[in-house]
Amino acid sequence: MKVPVLAYHKIDLPTPDVKIRGAYTSPHRFEKQILYLKKRAFDFFTASELIGFYLENGRFPENAICITFDDGWKDNYANAFPILKKFNIKATIFLVPSCIGAVTAQVTADGEGEREHLSMADIREMSASGIEFGSHSMNHKLFDRIEPAEIEREVVDSRNYIEDLLQKPCEVFAYPAGLFTDFAREMVRLSGYKAAFSTVYGPADIVDRFALNRTEILRRDGLPFQFSRKIRSIFPG
């Protein structure tokens, strides 16, 4: 079985400047997808809860699913959070601390304009309602393009920042763009995280706790049959 973790980015409609629209899921489609999972009696876990179960039992829980979001966009608060609260859904958001409270193009695709990120107040409110926050590195620099010393700072400083902000452990990490090196994987492990997530760059034949692949939900998965096919790929049979 694949790791039962879904990866979203923006829960919003793309603006006219956006040429690469795969990272967008409309709020309407997102609610339909959550309802699909609820109707099929999935149990929702945060990423650290899912990994905690795996560490105790050597397997993932049956019928478990974990919803994650990368980058910490404002629309996660404005559009996704009300839906998650409506259905009492746990989720994990991977933050880029240098973007908190900013309107920036730091994490957007090439050619896309600036977008707003979560504020500190947003993050604290969501955390108080059961949303988990993990690290997506301090500045979202691609780990295959920077030196080991900078990787260490990206991994360690981001965790320290999030823990200081929320006064809670930051236990999970998501590699920027899913890319990692052997050094980055080892640094995440040594820094005390429980697990680290990629997208499609980790091993497919074993469970590597510090290189876990997630199933990305993209704009093209908006139609019900496309989304259900993605879910069936995680739970074959």
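In what follows, the accompanying structure is described. Remember, predicted model here, so these are calculated numbers, not experimental data.

**A closer look at the overall build of the protein chain**
Part 1: Looking only at helices and strands, the protein chain has seven helices and 12 strands in total.
Part 2: Relative to the compact-globule value of 18 Å for 237 residues, the protein chain shows a C-alpha radius of gyration of 17 Å, a close match.
Part 3: Overall size of the protein chain, expressed as C-alpha extent along the three principal axes, is 45 × 45 × 35 Å.
Part 4: By the burial criterion, 54% of the 237 residues in the protein chain qualify as buried.
Part 5: Taking the contacts inside the protein chain whose residues are at least 6 apart along the sequence as the reference set, 62% of them involve residues at least 24 apart.

**Quick look at unusual backbone geometry**
Part 1: Even without being a glycine, Asn63 presents a positive backbone phi close to 60°.
Part 2: As for its position among the elements, Asn63 is in the loop between helix H2 (47–57) and strand E5 (64–71).
Part 3: Residue classification places Asn63 among the partly exposed residues on the basis of a relative accessible area of 31%.
Part 4: Unlike most non-glycine residues, Asn88 shows phi in positive territory, near 55°.
Part 5: Tracing the backbone shows Asn88 in the loop between helix H3 (74–86) and strand E6 (92–95).

**Focus: the pairing of E5**
Part 1: Of all eight residues in E5, eight are buried; the element is thus mostly enclosed.
Part 2: Of the strand pairs in this sheet, strand E1 (residues 5–8) and E5 are connected by four bridges, and their pairing is parallel. Paired with Ala7 across the bridge in E5 is Thr68.
Part 3: Strand direction decides the pairing type here: strand E4 (residues 43–44) and E5, joined by two bridges, are parallel. By the bridge assignment, Asp43 is partnered in E5 with Ala64.
Part 4: A crossover links E4 with its parallel partner E5, the connecting element being H2, and its sense is right-handed.
Part 5: Direction of pairing for E5 relative to E6: parallel, over a ladder of four bridges.

**A short note on the nonpolar core**
Part 1: Residues Leu6, Tyr8, Phe30, Leu37, Ile67, Phe69 and Phe133 are the most contacted members of the largest nonpolar core, which totals 48 residues.
Part 2: Of all the elements, helix H5 (residues 148–166) adds the most residues to this core, at five residues.
Part 3: In this structure, Tyr8 is in contact with Thr25, Phe30, Gln33, Ile67, Thr68, Phe69, Asp70, Ile217 and Phe227, ignoring residues within four places of it in sequence.
Part 4: Val3, Ala64, Cys66 and Val172 belong to the second-largest nonpolar core, a separate cluster that totals 15 residues.

**Details of helix H4 (residues 120–128)**
Part 1: Considered for burial, the residues of H4 that qualify are Asp122, Ile123, Met126 and Ser127. Looking straight down H4, one finds that the buried residues subtend no more than 125° of arc, so they occupy a single side. Seen from the buried face of H4, the exposed residues on the opposite side, beyond 90 degrees, are Ala121 and Ala128.
Part 2: A positive phi of about 100° marks Gly130, the residue just after H4.

**Describing the pattern of salt bridges**
Part 1: Across all of its chains, the model carries 12 salt bridges by this definition.
Part 2: Notably, a salt bridge pairs Glu171 with Lys194, separated by 3.6 Å at the nearest N-O pair. Of this pair, Glu171 sits in the loop between H5 and strand E10 (172–174) while Lys194 is found in the loop between helix H6 (182–190) and strand E11 (195–197), placing the two residues 23 residues apart along the sequence.

**What to know about the packing of H4 against H5**
Between two packed helices, what matters for the description is the angle formed by their axes and the separation of those axes.
Part 1: With their axes 10 Å apart at the nearest point, H4 and H5 run at an angle of 70° to one another. Compared by their axis directions, H4 and H5 come out roughly perpendicular. Residues Met120, Ile123, Arg124 and Ser127 of H4 pack against Tyr161, Leu165 and Leu166 of H5.

**Observations regarding the packing of aromatic side chains**
Both the distance between ring centres and the angle between the ring planes are used here to describe each pair of aromatic rings.
Part 1: Considering all chains together, one arrives at 13 aromatic pairs under this definition.
Part 2: The ring of Trp73 is capped by Arg115, whose NZ or CZ atom sits 5.8 Å from the centre of that ring.
Part 3: Over the ring of Tyr193 we find Arg159, and its NZ or CZ is 5.2 Å from the ring centre.

How each quantity is defined
Residues numbered from 1 in each chain as written. Predicted model: local features only at pLDDT ≥ 70, side-chain atom pairs only at ≥ 80, totals over all residues. Heavy atoms only, no water. Helix = DSSP H or I, 4+ residues; strand = E, 2+ residues; numbered from the N terminus. Rg over C-alpha atoms; globule rule 2.2 N^0.38 Å. Buried < 20%, exposed > 50% of the residue type's maximum accessible area, 1.4 Å probe, protein only. Contact = heavy atoms within 4.5 Å. Pairing = 2+ DSSP bridges. Right-handed = clockwise from strand over helix to strand, strands pointing away. Core = buried A, V, L, I, M, F, W, Y, C linked by side-chain atoms within 4.5 Å. Arc of directions from axis to C-beta. Salt bridge = Lys/Arg side-chain N within 4 Å of Asp/Glu carboxyl O. Axes fitted to C-alpha atoms, helices over the stretch in contact; angles between N-to-C directions. Parallel < 35°, antiparallel > 145°, perpendicular 65-115°, else oblique. Phe/Tyr/Trp six-rings, centres within 6.5 Å; stacked < 30°, edge-to-face > 60°. Lys NZ or Arg CZ within 6 Å of the ring centre and 35° of its normal.

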